[in-house]
Structures are given as C-alpha cells and as structure tokens.
Amino acid sequence: MRILVIEDNESVSEMIGLFFEKEGIEGIFEANGLDGYERAIHSTWDCLIIDWMLPDLDGLTICRKIRERGIEVPIIMLTAKDGEADQVRGFEMGADDYVTKPFSPLALMARIKAVTRRYTAKELSDKEEIRTLFFCLNLHTREVSVKGEPVSNLTPKEFDLLHFFIQHPKQVFSRDQLLDQVWGYDFYGDERTVDVHIKRLRSKLSLPDHHFFHTVWGVGYRFDESAGTAP
C-alpha cells in the first residue's frame, strides 16, 4: 500500500511514519499544502491523508480540487476540529472519513483499511441499477434520482449510506451498526457522524410530502418509503 500524508506537524508525521513502517506501508510525506497537492495529482495512491490546516493550501481546498479533477482516491482528513459543521464541510468537499486529533495509529489504520476496501471493490457494470418506489441508484456511476429527478450533490459516504438503507428497507439500525456496516470499522470517536449524514440525506432527498429516513427513538434509524411524512 502506498499512502501520501500531507501533514505539517512533524511529530504527527513521525508517529504515522513509524506505524506505517511496522505495517509494511510505503508512506510519502509532505509538509506543505501546495507541494502535497501537486504530488497527489501527479502520482497514483492507495489513500491520501490530509491535515485540515496547512501552509500555502489548506486541506479542504486540496480535497475539493482533487475531486474537481475527477480523481477517485480514498481521502481521510486529519483535524483538531470536532464540530458538526466542520465535519459537514469536510464531507461536502469529498472526504471519505474524518479523524480528530489526537488519535491512535490503530484507529487511523482501521479507517485506512475501511476506505481502501470500499474503493477496491469489484467494478459493477454501467447498467447495474437499483430501482425502488421513489429511487434509482446506478451503482457504477453512483448517480441517484428521486422520482426521476437527478440528485447531484450527494457525497460518497451519503451515497453509501443511502445504498445500504435501500438494501434493507424498514429495518432498524443502531448508530453502531451503521458505522460497522457502512463505514466498515469499529468507530473510535463520536457517533454524531451518523446523525450528521442522516441529517444531510433528509435535507437533500426528502420530498414535500414524504420523508424516508425515520428516527426510532432510543434505537437508531430506519429507511421506509411507505411510512409517510413523519421523520
């Protein structure tokens, strides 16, 4: 595995580097945002780990510019920011995951394994689709439409979460279950990550007379196209 780490904190880079060496991972490190971006787009990587605050070019801008170029590579953001609004910004810029400092190398490795496993899944045919009462998902192009209207602003993780729910209609899942099934690891942090994504999906996909993501108080969430308007 070959991973680019764009991080200006020397002690954090050293910690990650030592752990990568033990895991047999080739880690390439850049401390400057602009240099890191140039290296990210001119080589092939199994994963990018990008700090939020960087000299010359911040991590969010790097993430956005990479996605604008159509580059499909797992991106994990490193940051000391842990607010919901900050998480939303990171996901909207195209990040696949979000690790809050301070963190353990084992937690970071779990995230790396999860995001790279999703990206290396077998390719699906262009015509492979899932159709439901309201939704159409193209699993190859990752395009979504609701009642025939395209939805163009879903993040990669929002698509994955919608896909999972559509595969399990009317089933109730706890936050821990969703983290395990969609994020693919035992979560080392705040379960609000799930709440943030559900909130965003409700905002982007609900119709004036219909909501699809329902809260089951004290348990978690379920997806139901026939359950009316109560969220």
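Residues numbered from 1 in each chain as written. Predicted model: local features only at pLDDT ≥ 70, side-chain atom pairs only at ≥ 80, totals over all residues. Heavy atoms only, no water.

(A) Region of interest: the sheet that holds strand S3 (residues 47-51). Overall, parallel pairing links the 5 strands, which are arranged S2-S1-S3-S4-S5 in an open sheet. Two strands lie at the open edges of the sheet, namely strand S2 (26-30) and strand S5 (97-100), each paired on one side alone. The average undirected angle you get between the axes of adjacent strands in this sheet is 20 degrees. In this sheet, S3 lies alongside strand S1 (residues 2-6) in parallel orientation, the contact comprising 4 bridges. Its bridge partner being in S3, Leu 4 is matched across the sheet by Leu 48. Of the strands in this sheet, S1, S3 and strand S4 (75-79) touch helix H3 (residues 59-68), which is tilted by about 170 degrees from S4. (Pairing = 2+ DSSP bridges. Helix = DSSP H or I, 4+ residues; strand = E, 2+ residues; numbered from the N terminus. Axes fitted to C-alpha atoms, helices over the stretch in contact; angles between N-to-C directions. Contact = heavy atoms within 4.5 Å.)

(B) Broad picture of the packing of aromatic side chains. Under the definition given, this model contains 12 aromatic pairs. Through a chain of ring-to-ring contacts, three or more aromatic side chains come together here, namely Phe 134, Phe 135, Phe 164, Phe 165, Phe 173, Phe 212, Phe 213 and Phe 223. Positioned above the aromatic ring of Trp 45 is the side chain of Arg 2, whose terminal nitrogen or guanidinium carbon lies 4.1 Å from the ring centre. (Phe/Tyr/Trp six-rings, centres within 6.5 Å; stacked < 30°, edge-to-face > 60°. Lys NZ or Arg CZ within 6 Å of the ring centre and 35° of its normal.)

(C) Structural context of the nonpolar core. Formed by 29 residues in total, the largest nonpolar core has its most connected members in Phe 135, Leu 137, Leu 162, Phe 165, Leu 205 and Phe 213. Where this core is concerned, the elements lending two or more residues are strand S7 (135-138), strand S8 (143-146), helix H6 (156-167), helix H7 (175-183), helix H8 (192-205) and strand S12 (220-223). Per element, the largest residue contribution to this core is 6 residues, and it comes from H6. Residues contacting Phe 135, with those up to four places away along its chain left out, are Ile 130, Val 144, Ser 145, Val 146, Leu 162, Ile 166, Leu 205, Phe 212, Phe 223 and Glu 225. In terms of nonpolar packing, the next biggest core, distinct from the first, is built from 22 residues, Ile 41, Trp 45, Trp 52 and Tyr 98 among them. (Core = buried A, V, L, I, M, F, W, Y, C linked by side-chain atoms within 4.5 Å. Buried < 20%, exposed > 50% of the residue type's maximum accessible area, 1.4 Å probe, protein only.)

(D) Geometry of unusual backbone geometry. With an omega of -5 degrees, the peptide bond running from Lys 101 to Pro 102 counts as cis. Note that Pro 102 resides in the loop between S5 and helix H5 (105-119). Residues other than glycine seldom take positive phi values, yet Arg 142 does so here, at roughly 60 degrees. Of the residues examined, Arg 142 reaches a relative accessible area of 37% and is grouped as partly exposed.

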